[in-house]
Amino acid sequence: MKNYLLILCLLFACETTDELTPENKFKVVVVGESIDCHLPIIQFLEKDSVRINELVSSNSLTFSAYKLDSVYAKVGQNLQVFVEPTELKKQYACITLGLSYPWLTIIEADVAD
């Protein structure tokens, strides 16, 4: 019985995080800031269109970057980012003054070479 409890505890204690996988890593360019949501707007490279479409089910290459640190949100900045789809409960309504882009959550970002 102790062995089963130990195994059960280990299963819950060992959390798998597959967020930072090569499939989630992309090079992007910061192209602006949304007028209404005040989120940075990032654009993916055309060569990544299939991978990003599979990840977020969107044909867009331009996204609102949720949780992108303001240090990296400078227009024209080339970044290397790890992304994941943004949960609907984390998205908020904007007043729709500008274009509306799909959202992506930035897990990690760094300046690209």
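For the structure itself, look to the data block above.
A short tour of the structure in this document, coming up. Quick caveat: nothing in here was measured; it's all calculated off a predicted structure. (Residues numbered from 1 in each chain as written. Predicted model: local features only at pLDDT ≥ 70, side-chain atom pairs only at ≥ 80, totals over all residues. Heavy atoms only, no water.)

1. Thoughts on the sheet that holds strand S3 (residues 62-66)
Strand-to-strand pairing in sheets goes through backbone hydrogen bonds, with the strands running parallel or antiparallel. So the rule is basically this: At least two bridges found by DSSP between two strands are what make those strands a pair. Secondary structure is summarised from DSSP: a helix means a run of H or I of at least four residues, a strand means a run of E of at least two, and numbering begins at the N terminus for each. All axes are obtained by fitting lines to C-alpha atoms, using only the stretch in contact for helices, and the reported angles, taken between N-to-C directions, cover 0 to 180 degrees.
Ordered in space as S1-S2-S3-S5-S4, the five strands form a closed barrel in which the pairing is mixed. The sheet shows a mean angle of 55° between the axes of neighbouring strands, taken without regard to direction. In this structure, strand S1 (residues 25-33) lies alongside strand S4 (residues 78-85), joined through five bridges in antiparallel fashion. The partner of Phe 26 across the bridge, within S4, is Val 81.

2. Some words on the environment of Trp 103
You can see Trp 103 is positioned in strand S5 (residues 103-111). With 18 residues separating them in the primary sequence, Trp 103 and Pro 85 have C-alpha atoms 7.2 Å apart.

3. With respect to the nonpolar core
Generally speaking, a soluble globular protein has its nonpolar side chains buried in company with each other. Where we set the bar: In plain words, nonpolar cores are sets of buried Ala, Val, Leu, Ile, Met, Phe, Trp, Tyr and Cys residues tied together by side-chain atoms within 4.5 Å. Throughout, exposure labels follow a simple rule: accessible area from a 1.4 Å probe, protein chains only, divided by the maximum for the residue type, with under 20% read as buried, over 50% as exposed, and the rest as partly exposed. Residue contacts follow a heavy-atom distance rule, with two residues in contact if any of their heavy atoms lie within 4.5 Å.
With 18 residues, the main nonpolar core has Ile 42, Phe 44, Ile 52, Leu 68, Val 81, Val 83 and Ile 106 as its most contacted residues. For this core, the elements supplying multiple residues, two or more each, are S1, strand S2 (40-44), helix H2 (49-56), S3, S4 and S5. Apart from the residues lying within four places of it in its own chain, the contact partners of Ile 52 are Phe 26, Phe 44, Ser 57, Ser 60, Leu 61, Phe 63, Val 83 and Leu 104.

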